[in-house]
Amino acid sequence: MKLETVIGLVMAEIDRAEKIHPVWPRNLIHAGMVVSEEQGELSKAILDHDEGKGSKRQMIIEAVHTAAMAIRFLKNIEETEENE
Ligand SMILES: [Mg+2]
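Description of the structure in this document. All residue numbers refer to positions counted from 1 along the written sequence of the respective chain. Owing to the predicted nature of the model, reporting of local features is limited to residues with pLDDT of at least 70; listing and counting of side-chain atom pairs is limited to 80 or more, with chain, interface and lining totals taken over all residues. For side-chain calculations, the full set of non-hydrogen atoms in the structure is used, while hydrogens and water are omitted.

Details of the overall build of the protein chain
Selection criterion: A run of DSSP states H or I qualifies as a helix once it reaches four residues; a run of E qualifies as a strand once it reaches two. Both are numbered from the N-terminal end. Contacts are assigned to residue pairs with any non-hydrogen atoms lying within 4.5 Å of each other. The method behind every accessible area is Shrake-Rupley, applied with a 1.4 Å probe, and residues are considered shielded solely by the protein chains displayed.
On a plain count of helices and strands, the protein chain comes out with 3 helices and 0 strands. Walking the protein chain from its N terminus toward its C terminus, one meets helices and strands in the order α-α-α. Reported as C-alpha extents along the three principal axes, the dimensions of the protein chain are approximately 45 × 30 × 20 Å. In the protein chain, 74% of the contacts between residues at least 6 apart in sequence involve partners at least 24 apart. Summing over all exposed atoms, the protein chain offers an accessible surface of approximately 6000 Å²; the carbon and sulfur share of this is 60%.

Description of the coordination of the magnesium ion
Where we set the bar: Note: metal donors comprise N, O and S atoms at 2.8 Å or less from the metal (3.2 Å for Na, K and Ca); water molecules are not included, so apparent gaps in a site are possible. Relative accessibility under 20% of the residue-type maximum defines a buried residue, over 50% an exposed one, and the middle range a partly exposed one, all with a 1.4 Å probe and only protein chains included.
Taken together, Glu38 (OE), Glu41 (OE), Glu62 (OE) and His65 (ND1) make up the protein donors of the magnesium ion, found 2.1 to 2.3 Å from the metal. Taken in sequence order, the residues that donate to the magnesium ion follow the motif E-x2-E-x20-E-x2-H. On the criterion of helical spacing, the pair formed by glutamate 62 and histidine 65 is a turn pair, its members being 3 residues apart in helix H3 (residues 56–75). Each member of the pair, glutamate 62 as well as histidine 65, carries the same accessibility label: buried.

Focus: H3
Counted only if it meets this: A helix's residues, less one, multiplied by 1.5 Å, set its expected span.
For H3, built from 20 residues, the straight-helix expectation of 28 Å at 1.5 Å per residue is met to within 8% by its first-to-last C-alpha distance of 28 Å. Looking only at H3, the buried set comprises Met59, Glu62, Val64, His65, Thr66, Ala68, Met69 and Arg72. Close packing links the buried residues of H3 with helix H1 (3–20) and helix H2 (28–50).

Brief notes about the nonpolar core
Threshold: Residues belong to a common nonpolar core when they are buried Ala, Val, Leu, Ile, Met, Phe, Trp, Tyr or Cys residues joined through side-chain atoms within 4.5 Å.
One finds Val10, Ile14, Ala17, Trp24, Ala31, Val35, Val64, Ala68 and Met69 forming the largest nonpolar core, which totals 9 residues. Secondary structure elements with two or more residues in this core: H1, H2 and H3. Excluding residues that lie within four positions of it along the chain, alanine 17 makes contacts with Pro22, Met69 and Arg72.

Brief notes about a nonpolar patch on the surface
Rules: Residues enter patches when their relative accessible area tops 30% and they take part in no salt bridge; the joining distance is 9 Å for like charges and 5 Å for the nonpolar side chains Val, Leu, Ile, Met, Phe, Trp and Tyr. Counted as salt bridges are all cases of a side-chain nitrogen of Lys or Arg within 4 Å of a carboxyl oxygen of Asp or Glu.
Together, Met1, Leu3, Val6, Ile7, Leu9, Met11 and Ile60 line one region of the surface with nonpolar side chains, adding up to about 660 Å² of accessible area. Overall, the relative accessible area of 31% leaves valine 6 in the partly exposed class.

Things to note about H2
Because an α-helix packs 3.6 residues into every turn, residues spaced three or four apart end up facing the same way. To keep it simple, the criterion reads: Two N or O atoms count as a polar contact when they lie within 3.5 Å, although within protein this holds only if one can serve as hydrogen donor and the other as acceptor, and sequence-adjacent residues are included solely when both atoms are side-chain atoms.
If you check H2, its first and last C-alpha atoms are 33 Å apart, about what 23 residues at 1.5 Å a residue would give, namely 33 Å. For H2, the full list of buried residues reads Ala31, Gly32, Val35, Glu38, Leu42, Ala45 and Asp48. Buried residues belonging to H2 abut H3. Capping the start of H2 is the job of one residue whose side-chain oxygen sits 2.9 Å from the backbone nitrogen of isoleucine 29: asparagine 27. Downstream of H2 by a residue or two, glycine 52 has a phi angle that is positive, lying close to 75°.

All we've got here are geometric facts, nothing functional implied.
Shown next, in the form of structure tokens:
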């Protein structure tokens, strides 16, 4: 996949996600768990594909979700509150 395509998919997902869930968690652990949740879905998609039960398309979707949430994590990092 071309880098331009990857960036386009991730940017579109960030836009979509920010419309559906405009509020990003201020708590650092909650924010990190949003990224982890998507990474878990990516892991499942990869394992499903490996076992012949899933598609490459689903892996791409979940990888885009993971990248988009990692970027939202970074975009909002200055506003997150540390746990004390
Ligand atoms: Mg997902």
